[in-house]
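Coordinates in review
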Amino acid sequence: MAVEAVIWDFGGVFTSSPFEAFARYEAENGVPKDLIRRVNSTNPDTNAWALFERNEIDTQGFDRLFLEESTALGHPIPGSHVLPLLSGVVRPRMVAALKACKEQFKVGCITNNMVSMHSPGADAPQRAAGAMGQIMPLFDHIIESSKAGVRKPDPAIYLMMCEALGVEAGACVYLDDLGINCKPAAALGMRAIKVVDVDQTLAELSAATGLVFDEAVS
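Computed from a predicted model, the values in this text were never measured in an experiment.

**Considerations on the overall build of the protein chain**
- Helix and strand content of the protein chain: 12 helices and 5 strands.
- Taken over the C-alpha atoms alone, the protein chain extends approximately 50 × 40 × 30 Å along its principal axes.
- Across the 218 residues of the protein chain, 47% fall into the buried class.
- Considering only contacts in the protein chain between residues 6 or more positions apart, those separated by 24 or more positions represent 68%.
- Of the roughly 10400 Å² that the protein chain leaves accessible, carbon and sulfur atoms contribute 54%.

What follows is the structure, given as structure tokens:
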């Protein structure tokens with residue numbers, strides 16, 4: 001089936017991965033490597049991270065629950081320490097690729113996000129000046145987990161995007177930096193691309209769409 005739509009994750013795709021910031025925090029605070037990711041992957045449907053991304057708890061609730069969950073793993077970390085780590089640096093080549101795709105295909109964004117003062121685009125000044133303000137207006141449709149009440153990797157959120165764009169899953173390319181979020185997209189028939197780095201991603205996106213993207217400027 002010919003490609004009709006390209007669907008994108010946001011954080012870790014258009015911006016540098018929060019995992020990099022997590023690693024720095026852990027190193028600076030004597031926390032075991034990847035502990036924050038372990039907290040987030042423990043009870044992944046009902047933990048603080050999941051509840052916050054579905055907007056079922058507020059910032060204070062996340063702060064408290066994340067502290068409880070990290071304490072249970074032996075290293076207390078308040079959730080308030082984690083939220084500022086989520087904003088990344090924009091990747092200009094990925095934004096350029098989005099613009100190129102928009103000229104040929106429908107484009108959508110599915111993002112697991114949180115209603116928080118630390119989230120890009122959480123308030124008007126950030127939307128105007130930050131990454132969300134630069135990139136989000138380019139999409140034909142956006143689904144935010146904190147507003148939809150459903151989050152990846154629930155297949156329902158991918159089908160919601162297909163319905164909104166008016167396309168079949170098999171006519172979509174999907175990009176995400178997490179393999180767990182790529183799997184349901186692939187199971188629905190989408191061409192799933194796991195974002196590891198920009199060069200690899202654009203090479204795979206070029207192969208999937210037939211478009212040619214700008215190379216890095218040395």
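**Let's talk about the packing of aromatic side chains**
- The final tally for this structure, using the stated rule, is 9 aromatic pairs.
- When the ring of Tyr 158 is compared with that of Tyr 174, the centres are 5.3 Å apart and the planes differ by 75°; the resulting orientation is edge-to-face. On the criterion of sequence distance, the pair formed by Tyr 158 in helix α10 (residues 155-165) and Tyr 174 in strand β4 (residues 172-176) is long-range, its members being 16 residues apart. With respect to burial, Tyr 158 and Tyr 174 carry one shared label: buried.
- An aromatic cluster of at least three residues, connected via ring pairs, comprises Phe 19, Phe 22, Trp 49, Phe 52, Phe 62 and Phe 66.
- Positioned above the aromatic ring of Phe 19, the side-chain terminus of Arg 37 is 3.7 Å from the ring centre.

**Details of helix α11 (residues 179-187)**
- Among all positions in α11, only Asn 181, Cys 182, Pro 184 and Ala 185 are buried. Viewed end-on, α11 has its buried residues packed into an arc of 165°, placing them on one side of the element. Turned more than 90 degrees from where α11 packs its buried face, Ile 180, Lys 183 and Ala 187 sit exposed.
- Taken together, the buried residues of α11 touch α10, β4 and β5 (191-194).
- Within two residues after α11, Gly 189 carries a phi angle of roughly 110°, on the positive side.

**A word on the side chain of Glu 26**
- Inspection of the secondary structure puts Glu 26 in helix α1 (residues 18-28).
- Within the buried core, Glu 26 has no salt-bridge partner, and the shortest N-O distance to an opposite charge, that of Lys 33, equals 6.7 Å.

**Topic: the pattern of salt bridges**
- This structure, assessed with the given rule, holds 9 salt bridges.
- Arg 151 is the partner of Glu 53 in a salt bridge, and the nearest nitrogen-oxygen pair spans 2.8 Å. Taken as a pair, Glu 53 in helix α3 (residues 48-53) and Arg 151 in the loop between α9 (145-148) and α10 lie far apart in primary sequence, 98 residues in all. Pair check on accessibility: Glu 53 and Arg 151 agree, each one buried.
- Within the structure, one salt-bridge network assembled from shared partners comprises Asp 9, Lys 152 and Asp 176.

Rules used in this analysis
- Residue indices follow the written sequence of each chain, beginning from 1 at its first position.
- Since the coordinates come from a predicted model, pLDDT governs what is reported: local features require at least 70, and pairs of side-chain atoms require 80 or more to be given and counted, while whole-chain, interface and lining totals use all residues.
- Excluded from the side-chain calculations are hydrogens and water; all other atoms, namely the structure's heavy atoms, are used.
- Under the scheme used here, helices are H or I runs from DSSP no shorter than 4 residues and strands are E runs no shorter than 2 residues, and both carry numbers assigned from the N terminus.
- Exposed residues in this analysis have more than 50% of their type's maximum accessible area, buried residues have under 20%, and partly exposed residues fall in between, with area computed by a 1.4 Å probe over protein chains only.
- Note on contacts: a residue pair is in contact if any heavy atoms of the two residues lie within 4.5 Å.
- Each accessible area is a Shrake-Rupley result for a 1.4 Å probe, and residues are judged covered by the shown protein chains and nothing else.
- Between rings of Phe, Tyr and Trp, where Trp is taken as its six-membered ring, a pair exists when centres lie within 6.5 Å; planes separated by under 30 degrees are stacked, by over 60 edge-to-face, and by other angles tilted.
- To sit over a ring, a charge needs its Lys NZ or Arg CZ within 6 Å of the ring centre and within 35 degrees of the ring normal.
- The arc in question is formed by the directions pointing from the helix axis toward the C-beta atoms.
- Residues scored as positive are Lys and Arg, those scored as negative are Asp and Glu, and His as well as the terminal groups of each chain are ignored.
- Salt bridge, as used here, is a side-chain nitrogen of Lys or Arg placed within 4 Å of a carboxyl oxygen of Asp or Glu.

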